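Spelled out, the chains give:
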Amino acid sequence: MRTLDTRDTGFEAAFRDLLDQARETTAKVDAAVAAIIAEVRARGDAALVELTARFDRWSPSSAVALRVTPAEMEAAAAAIAPERRQALELAARRIEAFHRAQLPRDVELEEPGIRTGMRWGALDAVGLYVPGGKAAYPSSVLMNALPARVAGVGRIAMCVPTPDGLLNPLVLAAAQLAGVTEVWRIGGAQAVAALAWGTEGIAPVDRIVGPGNAYVAEAKRQVFGRVGIDSIAGPSEVVVIADGTNDPRHVALDLLAQAEHDEAAQSILVTDDAGFAQRVAAAVEVELRTLPRAAIAGASWAAHGAVILVRDWAEAAELTNRLAPEHLQIMVADPRALFGRIRHAGAAFLGRWCPEAIGDYVAGPNHVLPTGRTARFASGLSVFDFLKRTTWVETDAEGLAAIGPAAVRLAEAEGLDAHGLSVAARLPR
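Note that this is a predicted model, so its numbers are computed, not measured.

Asks: How should I be thinking about the overall build of the chain in this particular structure?
Replies: Helices and strands together make up the secondary structure of the chain, namely 17 helices and 14 strands. The buried share of the chain, reckoned over its 429 residues, is 48%. Considering only contacts within the chain whose residues lie at least 6 apart along the sequence, 73% involve residues at least 24 apart. Carbon together with sulfur atoms contributes 54% to the accessible area of the chain, which is approximately 20600 Å² in total.

Asks: Is there a simple way to think about the sheet that holds strand E9 (residues 237-242) in this case?
Replies: Strand pairing in a sheet relies on backbone hydrogen bonds. The paired strands run either parallel or antiparallel. Read from one edge of the open sheet, 6 strands run E1-E11-E10-E9-E12-E13, paired in parallel fashion. Since the sheet does not close on itself, it has two edges, and those belong to strand E1 (2-5) and strand E13 (347-350), each with one partner. On average, each strand axis in the sheet is tilted by 15 degrees relative to the strand beside it, whichever way the strands run. As paired strands, E9 and strand E10 (residues 266-271) are joined by 5 bridges and run parallel to one another. Residue pairing in the sheet places Ile241 in a bridge with Val270 of E10. Contacts from helix H1 (residues 11-20) reach E1, E10 and strand E11 (306-309) within the one sheet, and its direction differs from that of E1 by about 135 degrees. Contacting E9, E10 and E11, helix H11 (residues 274-288) crosses the sheet at an angle of about 150 degrees to E10.

Asks: Can you help me understand the packing of helix H4 (residues 70-79) against helix H7 (residues 169-178) in this one?
Replies: Relative orientation and spacing of two packed helices are given, respectively, by the angle between their axes and the distance between those axes. As a packed pair, H4 and H7 sit with axes 8 Å apart at the nearest point and diverge in direction by 110 degrees. Our classification of the angle between H4 and H7 gives roughly perpendicular. Two packed elements cross with a definite hand, and for H4 against H7 that hand is left-handed. Contact residues: H4 offers Glu72, Met73, Glu74, Ala76 and Ala77, while H7 offers Pro169, Leu172, Ala173, Ala175 and Gln176. When its residues are assigned to classes, the contact of H4 with H7 shows 7 nonpolar, 1 polar and 2 charged.

Asks: Quick question: what am I supposed to make of the environment of Gln21 here?
Replies: Looking at the element boundaries, Gln21 is found in the loop between H1 and helix H2 (30-43). Measuring from C-alpha to C-alpha, the distance between Gln21 and Gly372 comes to 10.0 Å, with 351 residues separating the pair along the chain. Discounting chain neighbours no more than four positions away, the residues touching Gln21 are Arg2, Gln266, Ala303 and His304. A polar contact of 3.1 Å, which involves the side chain of Gln21, links it to the side chain of Gln266. Looking at Gln21, its side chain comes within polar contact range of the main-chain oxygen of Ala303, at 3.1 Å.

Asks: Even after reading the chapter, I still don't get helix H13 (residues 313-323), so can you show me in this structure?
Replies: Three or four residues apart is the spacing at which side chains of an α-helix point the same way, because the helix has 3.6 residues per turn. Buried within H13 are the following residues: Glu315, Ala316, Ala317, Leu319, Thr320, Asn321 and Leu323. Residues of H13 that are buried in the fold lie against H1, E9, E10, E11, strand E12 (327-331) and helix H14 (335-339). Of the residues flanking the start of H13, the one acting as N-cap is Asp312, its side-chain oxygen 3.3 Å from the backbone nitrogen of Ala314. One or two steps after H13, the chain reaches Ala324, where phi turns positive at roughly 45 degrees.

Asks: What is the right way to read the packing of helix H16 (residues 397-413) against helix H17 (residues 417-424) from this model?
Replies: Between H16 and H17, whose axes approach to 8 Å, the crossing angle comes to 165 degrees. As summarised for this structure, H16 and H17 are arranged roughly antiparallel, according to the angle between their axes. Along this stretch, H16 crosses H17, giving a crossing that reads as left-handed. Here H16 contributes Leu400, Gly404, Ala407, Val408 and Ala411 to the contact with H17, which in turn contributes His419, Gly420, Val423 and Ala424. Looking at the contact of H16 with H17, its residues break down into 6 nonpolar, 3 polar and no charged.

Asks: Sorry if this is basic, but what is going on with the nonpolar core here?
Replies: Within soluble globular proteins, side chains that are nonpolar tend to cluster in buried spots. Core analysis: the largest hydrophobic core is formed by 42 residues, its most contacted members being Leu88, Val141, Leu142, Met158, Val183 and Phe386. Listing elements by their share of this core, those giving two or more residues are H4, helix H5 (82-100), strand E4 (125-129), helix H6 (138-151), strand E5 (155-159) and H7. If sequence neighbours within four positions are ignored, Phe386 has contacts with Gly121, Ala122, Leu123, Val126, Asn144, Pro147, Ala148, Ala151, Val153, Val209 and Leu381. In this structure, Ala194, Ala196, Val216 and Val227 belong to the second largest nonpolar core, which totals 31 residues.

Asks: Looking at this structure, how should I read the side chain of Ser267?
Replies: With respect to the secondary-structure elements, Ser267 resides in strand E10. Take Ser267: its relative accessible area is 1%, and that puts it in the buried class. Here the side chain of Ser267 touches Leu255 through a polar contact of 2.6 Å, landing on its backbone oxygen. With residues near it in sequence (within four places) discarded, Ser267 still touches Val238, Leu255, Gln258, Ala259, Trp301, His304, Gly305 and Ala306.

Asks: Sorry if this is basic, but what is going on with the pairing of E11 here?
Replies: Consecutive side chains along a regular strand alternate between the two faces of the sheet. Residues Ala306 and Ile308 line one face of E11 and the alternating positions Val307 and Leu309 line the opposite face, and both faces are buried. In terms of strand pairing, E10 meets E11 through 4 bridges, oriented parallel. Considered in E11, the bridge of Ile268 is made with Ala306.

Asks: What is the right way to read the packing of aromatic side chains from this model?
Replies: For any pair of aromatic rings, geometry is given as the distance between the ring centres together with the angle between the planes. In the structure shown here, the tally under the stated rule is 2 aromatic pairs. Relative to Phe15, the ring of Phe11 has its centre 5.5 Å away and its plane inclined at 20 degrees; by these criteria the two rings are stacked. Of the two residues, Phe11 and Phe15 both sit in helix H1, 4 residues apart, roughly one turn of that helix.

Asks: What's the story with the side chain of Asp45 in this structure? I'm lost.
Replies: Among the structural elements, Asp45 can be located in helix H3 (residues 45-56). Buried and unpaired, Asp45 has Arg67 as its nearest opposite-charge partner, separated by 10 Å. Of the polar contacts made by the side chain of Asp45, one reaches the side chain of Thr199; its length is 2.5 Å. In this structure Asp45 touches Ala63, Thr199, Glu200 and Gly201, once residues within four positions along its chain are discounted.

Reading guide: rules and limits
Residues numbered from 1 in each chain as written. Predicted model: local features only at pLDDT ≥ 70, side-chain atom pairs only at ≥ 80, totals over all residues. Heavy atoms only, no water. Helix = DSSP H or I, 4+ residues; strand = E, 2+ residues; numbered from the N terminus. Buried < 20%, exposed > 50% of the residue type's maximum accessible area, 1.4 Å probe, protein only. Contact = heavy atoms within 4.5 Å. Areas by Shrake-Rupley, 256 points an atom, 1.4 Å probe, with all protein chains shown as cover. Pairing = 2+ DSSP bridges. Axes fitted to C-alpha atoms, helices over the stretch in contact; angles between N-to-C directions. Parallel < 35°, antiparallel > 145°, perpendicular 65-115°, else oblique. Left-handed = near helix turned anticlockwise from the far one by under 90°. Nonpolar A, V, L, I, M, F, W, Y, C, P; charged D, E, K, R; others polar. Polar contact = N/O pair within 3.5 Å; in protein donor to acceptor, adjacent residues only side chain to side chain. Core = buried A, V, L, I, M, F, W, Y, C linked by side-chain atoms within 4.5 Å. Phe/Tyr/Trp six-rings, centres within 6.5 Å; stacked < 30°, edge-to-face > 60°. Lys, Arg positive; Asp, Glu negative; His and termini not counted. Salt bridge = Lys/Arg side-chain N within 4 Å of Asp/Glu carboxyl O.

Here it is in structure tokens:
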């Protein structure tokens, strides 16, 4: 964990080094992923069966066995504990309500002889990738599938790896609750290839969303253009802006909540109180003694964690805008006022009683957010990722006569004679 102080003469260089710190994997997987995609394109379901046996340690009897049956979905939903089912249902209700409020309205403008408009429409089919190797994430199913369902997507195909052939009941229960229409026991780059190009058994989709490992991220990069994707997500990150009146343990746990995701995750504390910073750092070390994922969280904190001491909150806002974090917690006396000065953050959590983890599960806004400082130009997942816009124009003779001559002149200026003639031929002589 490094400590930076804006009062130090070397602060700017140290801060730039923090911004430029490489946290992505250095493994080169592009060639391996390209080979997997080519194999799936060439051999379809047969390739999926062989790749699943090779990477997921179970051998499907046939391509038919790759699909999770409705009976298996029902059994999984029935097997989970009632309190977990209730938690999933609460999260689903809140996520759906928040995303339903985002639905846009069509636009129509009218003037004599001319009508223009913009119509919103849902994608036909979406592919959802859900990690299933190191851990299972039913919350990810809800966050990715529910906005698609709210948008009106007719087909939601989910791929989830099942190491040793084991299905996670919570993931399947979340899929059922979120309206996923089909589930496949396929992981890795081969799942992305199947969703993008299709096989004998899996129809292709229009957009692929959801997190994954380096192979999944590279596969999404390689199929982009054939299909749309949500983003190429990097390691998770949080910036916590906190004053000295907070409980140091609360802040330490907030920092570790991000650090435990991945050794490459990044947690940064920004404060104006040096003594408080020391108490938080000490609290982090105490929590690491008992945290089940201490090895991961400790490695993240040691390699990528940081404490930034600032003179005032204006300085904190300026630095946060440069960091453009995926997650931002503001724990000061007037969090809304400070939030008003911050332009770049994937999602913000305001106040001492609003930990970022509440947003991962049940708050309502989406937890799929831009990482790696891309919050400067990107936003979190929403219903807009599953909608597209079509503009339209309708004119009659009067309307064309009003605006057509200008179109003819512009076409002639650009040297596109057929363009101009297609309009001029319809104008009154």
